[in-house]
Amino acid sequence: MRHLGIPTIRDRAMQALFKLALEPIAETTADPNSYGFRPKRSCADAIQQCHNALSQRKSAQWILEADIRGCFDNISHDWILQHIPLSKKVLTQWLKAGYIDNKNWFPTESGTPQGGLCKVLHKPPCGTPVGVS
């Protein structure tokens, strides 16, 4: 069970500003068949792409669907820092912000909490299959 990351109002505002700056970069470099957390893309678009890819005469006969357990729990902070074009200082502060549970603070050494930074970055960090991110 991952902890729920609920950023402060100030952090949410800052993350929204960074998302506005990063989104055009992400949209020009992202896989064209990725649909998760993408603007102007829906589940129906992903279904249509699956139909297009799988209805060909030489299409694959099998589909592997998987949920990568612990993906966001274990994502490397070093990987994020190396691959996301964002201020390293700000990004490190968000990644290492930790969480509070029963009035106790716990640091974050790896991964991102639910509702946390990966949602802001909307970039699949776990080798998510095409069309499934």
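Residues numbered from 1 in each chain as written. Predicted model: local features only at pLDDT ≥ 70, side-chain atom pairs only at ≥ 80, totals over all residues. Heavy atoms only, no water.

Participant: Account for the nonpolar core, with residues named and values stated.
Facilitator: With 11 residues, the main nonpolar core is built from Phe18, Leu22, Ile75, Ile80, Leu81, Ile84, Leu86, Val90, Leu91, Trp94 and Leu95. When residues of this core are traced back to their parent elements, those giving at least two are helix H1 (9-29), helix H4 (77-83) and helix H5 (88-95). For this core, the leading source of residues is H5, giving four residues. (Core = buried A, V, L, I, M, F, W, Y, C linked by side-chain atoms within 4.5 Å. Buried < 20%, exposed > 50% of the residue type's maximum accessible area, 1.4 Å probe, protein only. Helix = DSSP H or I, 4+ residues; strand = E, 2+ residues; numbered from the N terminus.)

Participant: Tell me about the environment of arginine 38, residues and numbers included.
Facilitator: Among the secondary structure elements, arginine 38 is positioned in the loop between H1 and helix H2 (43-54). Judged by its relative accessible area of 8%, arginine 38 is buried. With 15 residues separating them in the primary sequence, arginine 38 and glutamate 23 have C-alpha atoms 9.0 Å apart. A polar contact is formed between the side chain of arginine 38 and the side chain of glutamate 27, at a distance of 2.7 Å. (Polar contact = N/O pair within 3.5 Å; in protein donor to acceptor, adjacent residues only side chain to side chain.)

Participant: Can you lay out the pattern of salt bridges for me, pointing to particular residues and giving the numbers?
Facilitator: Considering all chains together, one arrives at two salt bridges under this definition. Here lysine 19 ties to glutamate 23 by a salt bridge, and the two come within 3.9 Å at their closest N and O atoms. Linking lysine 19 with glutamate 23, this pair stays in helix H1, spanning four residues, or about one helical turn. When the shortest N-O distance is used, the salt bridge between arginine 38 and glutamate 27 registers 2.7 Å. Residue arginine 38 is found in the loop between H1 and H2, and its partner glutamate 27 is found in helix H1; the two are separated by 11 residues along the sequence. (Salt bridge = Lys/Arg side-chain N within 4 Å of Asp/Glu carboxyl O.)

Spatial relationships are all this shows, so hold off on functional conclusions.
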